[in-house]
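What follows is the residue order along each chain.
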Amino acid sequence: MKCPACNRQKGIKEVTPMAWVYECPRCGAIFNDRPHLYLGESYEYVLPYWAKEDVPVEQLRYYDFTCLASGNKIVRRHGWYDPETKLIHQTG
Ligand SMILES: [Zn+2]
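About the cut-offs
- Residues numbered from 1 in each chain as written.
- Predicted model: local features only at pLDDT ≥ 70, side-chain atom pairs only at ≥ 80, totals over all residues.
- Heavy atoms only, no water.
- Donors = N, O, S within 2.8 Å, 3.2 Å for Na, K, Ca; no water.
- Tetrahedral: all angles 85-135°; square planar, octahedral: opposite > 155°, others 65-115°.
- Buried < 20%, exposed > 50% of the residue type's maximum accessible area, 1.4 Å probe, protein only.
- Helix = DSSP H or I, 4+ residues; strand = E, 2+ residues; numbered from the N terminus.
- Contact = heavy atoms within 4.5 Å.
- Salt bridge = Lys/Arg side-chain N within 4 Å of Asp/Glu carboxyl O.
- Pairing = 2+ DSSP bridges.
- Core = buried A, V, L, I, M, F, W, Y, C linked by side-chain atoms within 4.5 Å.

S.K.: Lay out the coordination of the zinc ion in plain terms, naming residues and giving numbers.
M.R.: Protein coordination at the zinc ion comes from Cys3 (SG), Cys6 (SG), Cys24 (SG) and Cys27 (SG), with a distance range of 2.3 to 2.4 Å. Its 4 donor atoms give the zinc ion angles of 104 to 114 degrees at the centre, a pattern that matches the tetrahedral case. For cysteine 6, a relative accessible area of 22% gives the class partly exposed. Look at cysteine 27 and you get partly exposed, because its relative accessible area is 26%.

Written out as structure tokens, the structure reads:
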């Protein structure tokens, strides 16, 4: 288990065990390591909407989800979001 943003391996904790969603203790990135997270469930962490206003860059956290979408499609969502609003600030 390794953080996709900063490569930290120690102290990665599960946020949601059933969905294998983890949070990095160093940089606050959230991510999953298996596609057991439904696309709709990933919206509980990061909304499918763009932020309209800028926030200080220190406030942003990395996210990286590999999700199951309808039709058994695998969809990856990743980028930077604001944990306070759950809105997307940057993708990729
Ligand atoms: Zn990290």
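S.K.: Mind laying out the environment of leucine 39, listing which residues take part and the relevant values?
M.R.: Following the sequence through the fold, leucine 39 ends up in helix H1 (residues 39-42). Each C-alpha atom, one on leucine 39 and one on arginine 77, is 8.9 Å from the other, the two residues being 38 residues apart in sequence. When sequence neighbours within four positions are dropped, the list of residues in contact with leucine 39 reads Cys67, Leu68, Ala69, Val75 and Arg77.

S.K.: Let's hear about the pattern of salt bridges: which residues, and what values?
M.R.: Using the criterion set out here, one finds 2 salt bridges in the structure. Two residues, lysine 13 and glutamate 23, come together in a salt bridge whose shortest N-O distance is 3.7 Å. In this pair, lysine 13 is assigned in strand S1 (residues 13-16) and glutamate 23 in strand S2 (residues 21-23), connecting sequence segments 10 residues apart. The class for lysine 13 is partly exposed, based on a relative accessible area of 47%. As a salt-bridge pair, aspartate 64 and arginine 76 come within 2.7 Å of each other at their nearest N and O atoms. Of this pair, aspartate 64 sits in strand S5 (residues 61-69) while arginine 76 sits in strand S6 (residues 73-82), and the two are 12 residues apart along the sequence.

S.K.: Give a detailed account of the pairing of S6, specifying residues and quantitative values.
M.R.: Examined bridge by bridge, S5 and S6 share 9 bridges and lie antiparallel to one another. Residue phenylalanine 65 lies in a different strand from S6, and its bridge partner there is arginine 77. Between S5 and S6, which pair antiparallel and follow one another directly, the connecting turn spans 3 residues, one of which, glycine 71, has a positive phi of 75 degrees. As defined by bridge partners, S6 adjoins strand S7 (residues 87-91) across 4 bridges and the pair is classed as antiparallel. Within S7, the position partnered with glycine 79 by the bridge is threonine 91.

S.K.: Tell me what's going on with the nonpolar core, and back it up with residues and numbers.
M.R.: Membership of the largest hydrophobic core is limited to 11 residues, which are Ala19, Val21, Ile30, Leu37, Tyr45, Val46, Tyr63, Phe65, Cys67, Tyr81 and Ile88. Broken down by element, this core gets its largest block of residues, 3 residues, from S5. The contact partners of alanine 19, leaving out residues within four places of it in the chain, are Asn32 and Leu37. Residues Ile12, Tyr22, Ala29 and Phe31 belong to the second largest nonpolar core, which totals 7 residues.

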